[in-house]
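# Structural overview for review
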Amino acid sequence: MDRAVDTANLGVSAAGDLSVWALFINASLVVKLVMLGLLGCSIVVWAIIFAKTLTLRRINREASSFEDRFWSGGSLDDLYDTDGAKPTNPMTAVFGAAMGEWRRSARIPGVDLVRGGVKERVDRAIGITITREMDRLRRWVIFLATVAPVAPFVGLFGTVWGIMHSFSSIAAEHNTNLSVVAPGISEALFATAIGLVTAIPAYVAYNIISNSLDLFEDRLDGFGAEFAAILSRQSEERA
């Protein structure tokens, strides 16, 4: 009879001790630390998601606006003075790096703009600028890639530790009543749930953000190649 399931007590325990707050506050210290760590990671993950989403919208909008001005047929020198000299987004940074290198080369006395290595220097300036800008945009994205696979295992560690702690309590009390076992097991499983809640948004966001950044990098590469061709043609015309 001592080991029988007391359904009345189980019902009270389920109602009073299995709330989210109770699962946290009654957990062991190690499980609490795991939960707090995962919660902190979740906050950072969502902060990165919001920040990168806003950044991607802004740079694409600004890139479209700049391309409209670029292809409007106006003077490239005027566009450099207004946008390229002090770039505020990756697209104008690529334009400014290429145009700046071409203008510096054109001012060299006696330089051959066609065979003087100007094209190679412009291409190098474009490539370096794109790499630098993409590295800046990808900052913190690696955190999403790290949290996504690791968080479930951290939660699982908290679960295993919590179950071990529950079994130790059962052994100490010599009581296998479900009203005694259920709260401890629930607290342990709650750690895994938090791990999954942290990992799933990180995994989805990493794939979406990475794909968006890859598309934007392709856009920069395409613009850089077109602008390099324009500068090469102007060099030939001046020669």
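This is a predicted model, so every value here is computed, not measured.

The rules behind these values
Residues numbered from 1 in each chain as written. Predicted model: local features only at pLDDT ≥ 70, side-chain atom pairs only at ≥ 80, totals over all residues. Heavy atoms only, no water. Helix = DSSP H or I, 4+ residues; strand = E, 2+ residues; numbered from the N terminus. Buried < 20%, exposed > 50% of the residue type's maximum accessible area, 1.4 Å probe, protein only. Contact = heavy atoms within 4.5 Å. Areas by Shrake-Rupley, 256 points an atom, 1.4 Å probe, with all protein chains shown as cover. UniProt positions renumbered as here; feature names shortened; annotations may be inferred. Phe/Tyr/Trp six-rings, centres within 6.5 Å; stacked < 30°, edge-to-face > 60°. Axes fitted to C-alpha atoms, helices over the stretch in contact; angles between N-to-C directions. Parallel < 35°, antiparallel > 145°, perpendicular 65-115°, else oblique. Nonpolar A, V, L, I, M, F, W, Y, C, P; charged D, E, K, R; others polar. Arc of directions from axis to C-beta. Polar contact = N/O pair within 3.5 Å; in protein donor to acceptor, adjacent residues only side chain to side chain.

## So, the overall build of the protein
Assigned secondary structure in the protein consists of eight helices and zero strands. The helix and strand sequence of the protein, counted from the amino end, reads α-α-α-α-α-α-α-α. Counting the 239 residues in the protein, one finds 38% classified as buried. Sequence separation of at least 24 residues holds for 79% of the intrachain contacts in the protein that already meet a minimum separation of 6. Element-wise, carbon and sulfur atoms account for 63% of the exposed surface of the protein, whose accessible area totals about 13400 Å².

## Re the UniProt feature "transmembrane region" (unreviewed entry) in the protein
Per the UniProt record, "transmembrane region" (unreviewed entry) is annotated on residues 20-51, 140-164 and 184-206. Annotated as residues 140-164, this span is 96% helix and 0% strand, and its ends, taken at the C-alpha atoms, are 35 Å apart. Overall, residues 184-206 shows 100% helix and 0% strand. The separation of its end C-alpha atoms is 34 Å.

## Remarks on unusual backbone geometry
Even without a glycine there, the phi angle at Trp 140 is positive, about 80°. Relative to the assigned elements, Trp 140 resides in the loop between helix 6 (118-137) and helix 7 (141-173). On the accessibility criterion, Trp 140 (52% relative accessible area) is exposed.

## Considering the packing of aromatic side chains
Taken as a whole and judged by the stated rule, the model has twelve aromatic pairs. Their ring planes at 75° and their centres at 5.8 Å tell us that Phe 66 and Phe 223 sit as a pair that is edge-to-face. Here Phe 66 is found in helix 3 (residues 29-70), whereas its partner Phe 223 is found in helix 8 (residues 178-238), with 157 residues between them in sequence. Their ring planes at 70° and their centres at 5.0 Å tell us that Phe 70 and Phe 223 sit as a pair that is edge-to-face. Separated by 153 residues along the polypeptide, Phe 70 in helix 3 and Phe 223 in helix 8 bring together distant segments of the chain. For Phe 70, a relative accessible area of 6% corresponds to the buried category.

## Digging into the packing of helix 3 against helix 4 (residues 76-84)
Interhelical geometry of helix 3 versus helix 4 gives an angle of 150° and a closest axis separation of 11 Å. Accordingly, the angle class assigned to the pair helix 3 and helix 4 is roughly antiparallel. Along its contact with helix 3, which presents Phe 66, Arg 69 and Phe 70, the element helix 4 presents Leu 76, Leu 79 and Asp 83. For the contact of helix 3 with helix 4, the residue count by class is four nonpolar, no polar and two charged.

## Describing helix 4
Buried within helix 4 we find Leu 76, Leu 79, Tyr 80, Asp 83 and Gly 84. The buried residues of helix 4 occupy one face: seen down the axis, they fall within an arc of 105°. The N-terminus of helix 4 is capped by Ser 75, whose side-chain oxygen sits 3.3 Å from the backbone nitrogen of Asp 77.

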